[in-house]
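Residue-level structure breakdown
Single-letter residue listing:
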Amino acid sequence: MARPRPAVRSARTVATTVSVAALTLSAGLLTASPAAAATGTVTGLAGKCLDVAGASSADGTAVQIYDCNGTTAQQWTVGADGTIRALGKCLDVTGNSTANGAKIQLWTCSGGANQKWTVTAAHDIVNPQADKCLDVTDNNAANGSRAQLWSCTGAANQKWNAPAADGGGTPAAPMAVAPYLYNGWGSPPSPSTITSATGVKWFTLAFVLSNGYCNPQWDGSRALTGGVDQQTVNTVRANGGDVIPSFGGYSGNKLESSCSSAGELAAAYQKVINAYGLKAIDIDIEADAYSNATVQQRTVDALKAVRNNNPGLKVYVTIGTGQSGPDTSLINRAASSGLTVDAWTIMPFDFGGAGQNMGTLTQRAAEGLKTALKNAYHYSDDQAYRDMGISSMNGVTDNNETVTVADFRTILGYAQQHHLARLTFWSANRDRPCTGGPADSCSGVSQQNWDYTRVFAAYTG
C-alpha cells in the first residue's frame, strides 16, 4: 500500500488533522477590569461545560455539566476574591456544608467560605473551607449531571479547565509541544537524543493507518504493538515523557474512510488508546478524506464517542490552511454536532512560492482560524485562541518556502501572547542539517541539530 508522504503535509488544500489529546476544551479568559478577573467556560468531564440549569439566576438553581453551547449560563468569572460567578451570582456549596456529596448551586454572593474556590495548577477547583474538590456526581458524563463537593481524588470527574484570575490560564500540559516523529523513513532520530538536547519529552508519533480494513496499524503495515513503534513509545516514556499517536497523514489508507460507521471508527481509535494507555491522540484526515462530507461526519461522531468513553483524553484537530485561514467545513460540522476539542491546529505552510515571510503568514492564517472558531462556537477572542494550535514545518517546505528558526521564534511569541493549546511541527526527523541522508531526514537550511525544537521547547502556554 502507499505509505504516508511525511514531507507532504499540505496545509494549503483540504488537509485536516484531528488530534485527540487528553486536555479538555481550553477555557476562555477575558481580562475584565484593573482588578484581576477572567471570564469564560469551565470545562471538565468529557469536555462538557459547567452550566447553570435552565440559565436561571434564581437562588438555589442547580449547577451541572452540559454540552458546551456558548450561552451565558456557561460563562463563569473567576475573581481574585476567590469567587466563581455566573449570571451575577456565585458558585455556592448548599447549606455551607463540608460533607462529601454536598450539592453545588447558584446563590446570591455573600462573601461566605462556601463561595470561595481555588483553581489549582493541577486543574482541581477546591473549596478551601472543606478542603474538597468540585466533582461531577458519580463520574457521570451525561447532560444534567450535578456538580457536588467531594474529597479530592485526582480523578477525571474532578479535573477542570477554567479561566485564571491572575490573567493567565491553567498551565499548558507538557504535550502542548510534541514534535512529529516518524519511524517509516527519514532516518528517525532517537527521542532520547532530542530530549537530552532540548528538554522536550513529548512526541507526536506518526502515522496510524488502516491496513485496508477498519484495523489500525502503524503505516498500515506494522503491527500496532511489539515493533519499532512500541520501542519508541517505551523509550519516550522511560525519559519521563509520552507520545501522541497521529492517525492519518497525507497518503495511505485512512481509518476514517475504511471504517464503515462512526461506531467502527471509534472502536479503531479505542484499540490504539487501550494498547498504549494514551493521554492524547492526533488524527490527520488530509486529502480526499477531508473533502468527503460523509467521512467528516463519521469522524466527528466517532470523536464524540471517544471523548465520552475516555474522560480527560486530549483532542486536537489540525487542519490545512490558506494564508487567510482554513476551510471551515469540518469546524462548522463539529460545532453543529456538539463536538468540542482541545485545539484546532492549522498547518501554515505550502502556501506556494519562495521568498515569503512565513512567520508573518503563520500569524495571518492563525487569525483566520480564530475568526472561524468564534463564528462556529461563539467563543470570545481569548477562548478561541486557547482552543487553537499551530503545526508548522521546519526548513524548506514542499513548495520551496523556507520556514526559518527566526520564523519559529515569531510563532513562539504569538503562541505565548495568546496562550495557544498546541505548538508543534513537522518534524523532528527534519530538525538537522542536510548531509546527504535519506528523504525527509533534514531541514534543507543551515542549522545545528535540534535548533527548531529548542525554540518551541521554551513554550510555557
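In what follows, the structure referred to is the one given above.
The rules we used
Along each chain, numbering runs from 1 in the same order as the chain's sequence is written. The predicted origin of the model limits local features to residues at a pLDDT of at least 70 and limits the giving and counting of side-chain atom pairs to 80 or more, whereas totals for whole chains, interfaces and linings rest on all residues. Heavy atoms throughout the structure, all of them, feed into the side-chain values; hydrogens and water do not. Angular values range over 0 to 180 degrees, each being the angle between N-to-C directions of two axes fitted as lines to C-alpha atoms, with helices fitted over their stretch in contact. Only DSSP runs of H or I covering at least 4 residues are called helices, and only runs of E covering at least 2 are called strands; the numbering of each starts at the N terminus. Working rule for angles: under 35 degrees goes down as roughly parallel, over 145 as roughly antiparallel, 65 to 115 as roughly perpendicular, anything else as oblique. Here a crossing is called left-handed whenever its near helix is offset anticlockwise from the far helix by less than a right angle, and right-handed whenever the offset is clockwise. Note on contacts: a residue pair is in contact if any heavy atoms of the two residues lie within 4.5 Å. Under the convention adopted here, Pro, Cys and the residues Ala, Val, Leu, Ile, Met, Phe, Trp and Tyr are nonpolar, Asp, Glu, Lys and Arg are charged, and Gly plus all remaining residues are polar. Relative accessibility thresholds used throughout: buried, under 20% of the residue-type maximum; exposed, over 50%; partly exposed, between the two (1.4 Å probe, protein chains only). Note on terminology: a nonpolar core comprises buried Ala, Val, Leu, Ile, Met, Phe, Trp, Tyr and Cys residues joined through side-chain atoms within 4.5 Å. Pairing of aromatic rings covers Phe, Tyr and Trp, the last through its six-membered ring, and needs centres within 6.5 Å; plane angles under 30 degrees mean stacked, over 60 mean edge-to-face, and all others mean tilted. A pair of strands is treated as paired once DSSP finds two or more bridges between them. Cysteine sulfur atoms are paired as a disulfide whenever they come within 2.5 Å of each other. If you view a crossover with the strands going away from you and the path from the first strand over the helix to the second runs clockwise, you call it right-handed. It is the directions from the helix axis to the C-beta atoms that the arc portrays.

Our focus in this paragraph is the packing of helix 6 (residues 293–309) against helix 7 (residues 329–337). The relative placement of two packed helices is expressed as an angle between their axes plus a distance between the axes. The interhelical angle for the contact between helix 6 and helix 7, taken along N-to-C directions, is 45°, at an axis separation of 10 Å. When the axis of helix 6 is compared with that of helix 7, the two are oblique. Where helix 6 crosses over helix 7, the two elements pack in a sense that is right-handed. Counting all contacts with helix 6, which are made through Ala293, Gln296, Gln297, Val300 and Lys304, the residues of helix 7 involved are Ser329, Leu330, Arg333, Ala334 and Ser337. Within the contact of helix 6 with helix 7, the residues separate by chemical class into four nonpolar, four polar and two charged.

Note on placement: Ile104 falls in strand 8 (residues 104–107). Relative accessible area serves as the criterion here: at 0%, Ile104 is assigned to the buried category. Residues Ile104 and Asp135 lie 31 residues apart in sequence; the distance between their C-alpha atoms is 9.3 Å. Contacts of Ile104, omitting those with residues within four sequence positions, involve Ala62, Val63, Leu91, Asp92, Val93, Thr94, Trp117, Leu134, Arg146, Ala147, Gln148 and Leu149.

The next point concerns the nonpolar core. By size, the foremost hydrophobic cluster in this structure holds 86 residues, and its most contacted members are Ile331, Trp344, Leu373 and Leu423. In terms of residue count, helix 8 (residues 358–377) provides more of this core than any other element does, nine residues in total. One finds Val78, Ile84, Ile104 and Val136 within the second-largest nonpolar core, a separate group that totals 27 residues.

Relative to the elements of secondary structure, Ser427 occurs in the loop between strand 23 (422–426) and helix 11 (451–457). If we ignore the near neighbours within four places in the chain, the residues touching Ser427 are Tyr180, Asn394 and Asp440.

All right, on to the packing of aromatic side chains then. Taken as a whole, this structure holds 13 aromatic pairs when the rule is applied. Consider the rings of Tyr182 and Trp426, whose centres lie 6.2 Å apart with planes at 50°: the pair is tilted. On the criterion of sequence distance, the pair formed by Tyr182 in strand 13 (residues 180–182) and Trp426 in strand 23 is long-range, its members being 244 residues apart. For the residue pair Tyr182 and Trp426, the accessibility class agrees, reading buried in each case. A ring pair is formed by Phe408 and Phe456, whose centres lie 4.2 Å apart and whose planes are at 10°; its orientation type is stacked. You can see Phe408 sitting in helix 10 (residues 405–418) and its partner Phe456 sitting in helix 11, a full 48 residues away along the chain. Like Phe456, Phe408 is buried. Site record: aromatic cluster; members linked through ring pairs are Tyr180, Tyr182, Trp185, Phe207 and Trp426.

Moving on, we come to the sheet that holds strand 11 (residues 132–136). The strands making up a sheet associate through backbone hydrogen bonding, with each pair oriented either parallel or antiparallel. In spatial order, the strands read 9-10-11-12; together these four strands make up an open sheet with antiparallel pairing. On the outer flanks of this sheet lie strand 9 (118–119) and strand 12 (147–150), each paired with one strand and no other. Pairing analysis gives four bridges linking strand 11 to strand 12, with the strands arranged antiparallel. Following the sheet pairing, Leu134 is matched in strand 12 by Leu149.

For the structure shown, the criterion picks out five disulfides. With its sulfur 2.0 Å from that of its partner, Cys214 forms a disulfide with Cys259. Its S-S torsion of about 85° marks the bond between Cys214 and Cys259 as right-handed, since a negative value means left-handed. Residue Cys214 is located in the loop between strand 14 (202–210) and strand 15 (216–218), and its partner Cys259 is located in the loop between helix 3 (255–258) and helix 4 (262–276); the two are separated by 45 residues in the primary sequence. According to the relative accessible area criterion, Cys214 is partly exposed, its value standing at 24%. On the accessibility criterion, Cys259 (0% relative accessible area) is buried. Residue Cys434 pairs covalently with Cys442 via a disulfide, S to S 2.0 Å.

A word on the pairing of strand 19 (residues 343–347). For strand 19, a buried count of five out of five residues is recorded, marking the element as mostly surrounded by other parts of the structure. Here strand 19 shows no split at all, with Ala343, Thr345 and Met347 on one side and Trp344 and Ile346 on the other all buried. Since strand 18 (residues 314–320) and strand 19 lie parallel, the crossover through helix 7 that links them has a hand, and here it is right-handed. As judged from the three bridges shared by strand 19 and strand 20 (residues 388–393), these two strands associate in the parallel manner. Note that in strand 20 the partner of Trp344 across the bridge is Met388.

Another aspect to go through is helix 7. All buried positions along helix 7 are accounted for by Leu330, Ile331, Ala334 and Ser337. Taken around the axis of helix 7, the buried residues stretch over an arc of 140°, which confines them to a single face. The first or second residue beyond helix 7 is Gly338, which carries a positive phi of 80°.

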